[in-house]
Amino acid sequence: MHLPLGDQRSGRFYGKDILSVSQFSRDDLEYVFGVAEAMRTMVRHVGTFDLLKGKILANLFYEPSTRTQSSFMAAMQRLGGSVIPISEVRYSSVSKGESLPDTVRTLECYADVIVLRHHEEGAAAQAAAAAKKPIINAGDGPGEHPTQALLDLFTIREELGTLDGLTVTMLGDLKFGRTVHSLSRLCSLFDVKLRFVSPPQLEMPEKVTKELTARGVAFSKHAKLEDVLAQTDVLYVTRVQKERFEDLALYESLKHAFVVTPAVMAKAKPKMALMHPLPRVGEIEPSVDDDPRAAYFRQMECGLYVRMALLAMVLGKA
Ligand code: NCD
């Protein structure tokens, strides 16, 4: 068994920030996924190993997170490294008014890599401009969530073998959902059809659709899931992002605009991947969980392997 792990300082991601999916070519994706597969093999065989022994990750989260935060933490620990967890910035000097650049300059004195989640779009790029060590964007407001899109794509590959030739339908809050902004951009590297289904108030931003048009991606917008469900190979459901609404009455009126139930699944293709970045707050009924097409829990596990791969790559070990 050949595992692409070990000293790779000439690696293309060594010392690099991961800010946006736009940094990745198709070739890069194959590389990341190859490393992620090796990580999975190692986790299944030995659980924890010393590839990043002595390395320290600072996990800096200005917004709530369960999966992203704990999977990065588990990823670092499974690779033998350790973590400075700052998940409650209220108890750090951020609450004294410290700026983001100063906070990351501080953490890079102690850590080798910083994972940042922040409520403002562009925050990861701002942090990267201030820091010399790699910054990994774990979500910048409604901007991007590149590591999620990478794990989403890895999951699609696991579930359906390839992305080429597929119809990927994104459902729900496409305006504020950063995961779909990243995923649709990443899909543009493949021969896919994108279908965007949302309430009119929550449509995919023009900034994203313009990029897709420029790259020649086939996409269309719809108000009803029924219009596209029968052709859909990947149904990617998102939560309506309550925290980004100024008008909570509007949120209340839209929060359950789309709910995936067994009745919806009955009209979908027999071979389909139902995905969700999670957390779900009512968009997919728990009664769907036992459907073999429900891939969201498997998707979550893929996050560990992809994040292990990314950490090893930016630290020159894959
Ligand atoms: C997503 C996020 O934070 O953007 N969560 C995650 O990282 N899995 C999706 C969401 O919060 O709705």
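Read on for a plain summary of the structure. Quick caveat: nothing in here was measured; it's all calculated off a predicted structure. (Residues numbered from 1 in each chain as written. Predicted model: local features only at pLDDT ≥ 70, side-chain atom pairs only at ≥ 80, totals over all residues. Heavy atoms only, no water.)

Let's shift gears to the site of the ligand. Around the ligand, the surrounding shell consists of Thr68, Arg117, His145, Gln148, Arg178, Thr179, Arg239, Gln241, Pro277, Leu278 and Pro279. Contact with the protein chains hides 93% of the accessible area of the ligand, taken as 320 Å² for the molecule alone. Split by residue class, the shell around the ligand holds three nonpolar, five polar and three charged. (Near = heavy atom within 4 Å. Areas by Shrake-Rupley, 256 points an atom, 1.4 Å probe, with all protein chains shown as cover. Nonpolar A, V, L, I, M, F, W, Y, C, P; charged D, E, K, R; others polar.)

Pairing is parallel in the open sheet, where five strands are placed in the order β7-β6-β5-β8-β9. Pairing within the sheet leaves two strands with one partner each, and these edge strands are β7 (218–222) and β9 (273–275). Each strand axis lies, on average, 15° off the axis of its neighbour in the sheet, ignoring direction. Here strand β6 (residues 193–197) pairs with β7 via five bridges, running parallel. Opposite arginine 195, over in β7, you have serine 220 as the bridge partner. Here helix α5 (residues 146–160) sits on the sheet in contact with β8 (234–237) and β9, set at roughly 160° to β9. (Pairing = 2+ DSSP bridges. Helix = DSSP H or I, 4+ residues; strand = E, 2+ residues; numbered from the N terminus. Axes fitted to C-alpha atoms, helices over the stretch in contact; angles between N-to-C directions. Contact = heavy atoms within 4.5 Å.)

A word on α5. Under the 1.5 Å per step criterion, the end-to-end length of α5 is 21 Å for 15 residues, consistent within 8% with the ideal 21 Å. Across the 15 residues that make up α5, a large majority, 12, are buried. Three or more residues of α5 are buried, namely Pro146, Thr147, Gln148, Ala149, Leu150, Leu151, Asp152, Leu153, Phe154, Thr155, Ile156 and Leu160. Phi turns positive one or two residues past the end of α5, at glycine 161, with a value near 90°. (Expected span 1.5 Å × (residues − 1). Buried < 20%, exposed > 50% of the residue type's maximum accessible area, 1.4 Å probe, protein only.)

A few words on the packing of helix α1 (residues 26–46) against α5. Where α1 contacts α5, the two axes come as close as 11 Å, and the packing angle between them is 75°. By the angle between their directions, the pair α1 and α5 is classed as roughly perpendicular. Contact with α1, carried on its side by Leu29, Glu30, Phe33, Ala36, Glu37 and Arg40, involves Leu150, Leu153, Phe154, Arg157 and Glu158 of α5 and no other residues of that element. Split by residue class, the contact of α1 with α5 holds six nonpolar, no polar and five charged. (Parallel < 35°, antiparallel > 145°, perpendicular 65-115°, else oblique.)

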